[in-house]
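Each chain is listed here by its residues.
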Amino acid sequence: MEELPVPHNIKISNITCDSFKISWEMDSKSKDRITHYFIDLNKKENKNSNKFKHKDVPTKLVAKAVPLPMTVRGHWFLSPRTEYTVAVQTASKQVDGDYVVSEWSEIIEFCTADYSKVHLTQLLEKAEVIAGRMLKFSVFYRNQHKEYFDYIREHHGNAMQPSVKDNSGSHGSPISGKLEGIFFSCSTEFNTGKPPQDSPYGRYRFEIAAEKLFNPNTNLYFGDFYCMYTAYHYVILVIAPVGSPGDEFCKQRLPQLNSKDNKFLTCTEEDGVLVYHHAQDIILEVIYTDPVDLSLGTVAEITGHQLMSLSTANAKKDPSCKTCNISVGR
């Protein structure tokens, strides 16, 4: 009996955060005997596992021989933004239930995609459930060390510059490692209506009137929803001046929010004055995508403590939390 054809020239296409299409070429001889495909998928760190496989070792997916390209979705719990290796062999099911299989194909590497707007909208809807009532606020603020502000004055002409967002939050977030911006907070203490005096990020605080960053000339986007094995949750929002590079980046990738009417951060007009509210039951992290001149606000030392344990720098999301995870990858 002739050996089954070995798949070659494997192509991966239509990659999303939790699916992909796969196709390959085969020699025509014995092609009509193929009843199934065996597909072996591994995260990239396990890429050497294939070389230990023997022809009769079962693989992770046995699929009926369907016309190519074949969509792979739901067979594995694929994670977004993750590198995988894949190899294929053809198989022929015998009358006794056993399989005759070909040799393994070459190993192909690919990377799954970020969350799409559809997935981010699912996260947004979960965040809305726990956002809580809205509290009034009047300033955005950014805590850093004194050296940071000295450096801005000396080397950047007094303007804080956007930097690439770290990898904190959801693993599939399309803004991590890509979007450039400046982090601000706007949370207030319930009893005073003012920013808290403690901070995880440094003892010096830049405060700026809310209307300088968030106004009818800016767009508001939902960026992420996550927790760090804690009871409280974080929502990342992006404020981008209309038509700016940050605005164009977000428009393609993130759900846009109505600045006047959403569950997280609002800017409304009352008697000709802009009024601002933020959600009480989540911690908002606001990214502003353009440079901000220190002369637009004030820098002063806080009187409270520096609570390093609350820092979210490169923080990993809790993948087991039912509140802030969706049904695709983490």
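What counts and what doesn't
Residues numbered from 1 in each chain as written. Predicted model: local features only at pLDDT ≥ 70, side-chain atom pairs only at ≥ 80, totals over all residues. Heavy atoms only, no water. UniProt positions renumbered as here; feature names shortened; annotations may be inferred. Pairing = 2+ DSSP bridges. Helix = DSSP H or I, 4+ residues; strand = E, 2+ residues; numbered from the N terminus. Phe/Tyr/Trp six-rings, centres within 6.5 Å; stacked < 30°, edge-to-face > 60°. Buried < 20%, exposed > 50% of the residue type's maximum accessible area, 1.4 Å probe, protein only. Lys NZ or Arg CZ within 6 Å of the ring centre and 35° of its normal. Salt bridge = Lys/Arg side-chain N within 4 Å of Asp/Glu carboxyl O. Axes fitted to C-alpha atoms, helices over the stretch in contact; angles between N-to-C directions. Contact = heavy atoms within 4.5 Å. 1 Å grid on protein atoms, 1.4 Å probe; cavity = no way out; pocket = protein on both sides within 12 Å on 5 of 7 lines; lining within 4 Å. Points joined across faces, edges and corners; volume = space filled by probe spheres on them. Nonpolar A, V, L, I, M, F, W, Y, C, P; charged D, E, K, R; others polar. Core = buried A, V, L, I, M, F, W, Y, C linked by side-chain atoms within 4.5 Å.

In the nomenclature of an unreviewed UniProt entry, the chain is known as Phytanoyl-CoA hydroxylase-interacting protein-like isoform X2 of Acinonyx jubatus. Its UniProt record gives the chain a comment under Function (unreviewed entry), which states: "May play a role in the development of the central system." For the chain, the Sequence similarities (unreviewed entry) comment in UniProt is given as "Belongs to the PHYHIP family."

S.K.: Would you mind going over the pairing of strand E14 (residues 204-209) in detail, with residue names and values included?
M.R.: Of the strand pairs in this sheet, strand E10 (residues 139-144) and E14 are connected by 6 bridges, and their pairing is antiparallel. Looking at E14, one finds that Arg142 is bridged to Phe206. As defined by bridge partners, E14 adjoins strand E22 (residues 298-301) across 4 bridges and the pair is classed as antiparallel. Directly across from Phe206, in E22, lies its bridge partner Val299.

S.K.: Outline the packing of aromatic side chains, supporting the account with residue identities and numerical values.
M.R.: For the structure on display, the rule yields 12 aromatic pairs. Residues Phe20 and Phe110 carry aromatic rings whose centres are separated by 4.8 Å and whose planes lie at 55 degrees to one another, so their mutual orientation is tilted. Within this pair, whereas Phe20 is found in strand E2 (residues 19-25), its partner Phe110 is found in strand E8 (residues 108-111), the two being separated by 90 residues in sequence. For the pair Phe20 and Phe110, a shared accessibility class is recorded, and that class is buried. In this structure an aromatic cluster arises from ring pairing among Phe137, Phe140, Phe214 and Tyr276. A cation over an aromatic ring shows up here: Arg253 above the ring of Phe249, its NZ or CZ 4.0 Å from the ring centre.

S.K.: Which residues make up the pattern of salt bridges, and what are the values?
M.R.: Summed over the entire model, instances satisfying the criterion amount to 11 salt bridges. Across the salt bridge formed by Lys165 and Asp166, the nearest N and O atoms sit 3.5 Å from each other. Overall, Asp166 belongs to the partly exposed group, its relative accessible area being 23%. The closest approach of N and O atoms between Asp247 and Lys251, which form a salt bridge, is 3.8 Å.

S.K.: I'd like a description of the sheet that holds E14, backed by residues and values.
M.R.: Strand pairing within a sheet occurs via backbone hydrogen bonds; the two strands may be parallel or antiparallel. Taken together, the 3 strands give an open sheet; going across it, the order is E10-E14-E22, and neighbouring strands pair in antiparallel fashion. Sheet topology places E10 and E22 at the edges, where each strand pairs with a single neighbour. In this sheet, neighbouring strand axes are inclined to one another by 25 degrees on average, regardless of whether the strands run parallel or antiparallel. Here helix H2 (residues 146-155) sits on the sheet in contact with E10, E14 and E22, set at roughly 105 degrees to E10.

S.K.: Describe the sheet that holds strand E5 (residues 70-73), naming the residues involved and giving the relevant values.
M.R.: Pairing is antiparallel in the open sheet, where 3 strands are placed in the order E1-E2-E5. Since the sheet does not close on itself, it has two edges, and those belong to strand E1 (8-13) and E5, each with one partner. In this sheet, neighbouring strand axes are inclined to one another by 30 degrees on average, regardless of whether the strands run parallel or antiparallel. Two strands pair when backbone bridges link them, and E1 and E2 are joined in this way by 4 bridges, in the antiparallel orientation. Within the sheet, the bridge partner assigned to Ser13 lies in E2 and is Lys21.

S.K.: Tell me about unusual backbone geometry, residues and numbers included.
M.R.: Residues apart from glycine generally show negative phi values, whereas peptide bonds are mostly found in trans. That bond from Leu68 to Pro69 is cis: its omega, 5 degrees, falls within 30 degrees of zero. Its place among the elements puts Pro69 in the loop between strand E4 (61-64) and E5. One non-glycine residue, Asn158, lies in the positive phi region at around 80 degrees. You can see Asn158 is positioned in the loop between H2 and strand E11 (159-160). For Tyr229, which is not a glycine, the phi torsion comes out positive at approximately 60 degrees. One can find Tyr229 in the loop between strand E15 (218-226) and strand E16 (234-241).

S.K.: So what's going on with the layout of surface pockets? Residues and values would help.
M.R.: Space inside the second largest pocket adds up to approximately 190 Å³. As for the second largest pocket, its lining consists of 11 residues, of which Asn167, Gly169, Ser170, His171 and Lys316 are closest to the centre. A breakdown of the residues in the lining of the second largest pocket according to their chemical character gives 1 nonpolar, 6 polar and 4 charged.

S.K.: I'd like a description of the side chain of His233, backed by residues and values.
M.R.: For His233, the position within the fold is in the loop between E15 and E16. Judged by relative accessible area, His233 falls into the buried class, the value being 6%. Excluding anything up to four places from it in sequence, His233 contacts Ile130, Phe225, Tyr226, Cys227, Ile282, Ile283, Cys321, Thr323 and Cys324.

S.K.: Let's hear about the nonpolar core: which residues, and what values?
M.R.: Counting 55 residues, the largest nonpolar core has Phe140, Phe184, Phe222, Phe264 and Leu265 as its most contacted members. The element best represented in this core is E16, accounting for 7 residues. Core analysis: the next-biggest nonpolar cluster, separate from the first, contains 20 residues, Ile22, Trp24, Leu61 and Met70 among them.

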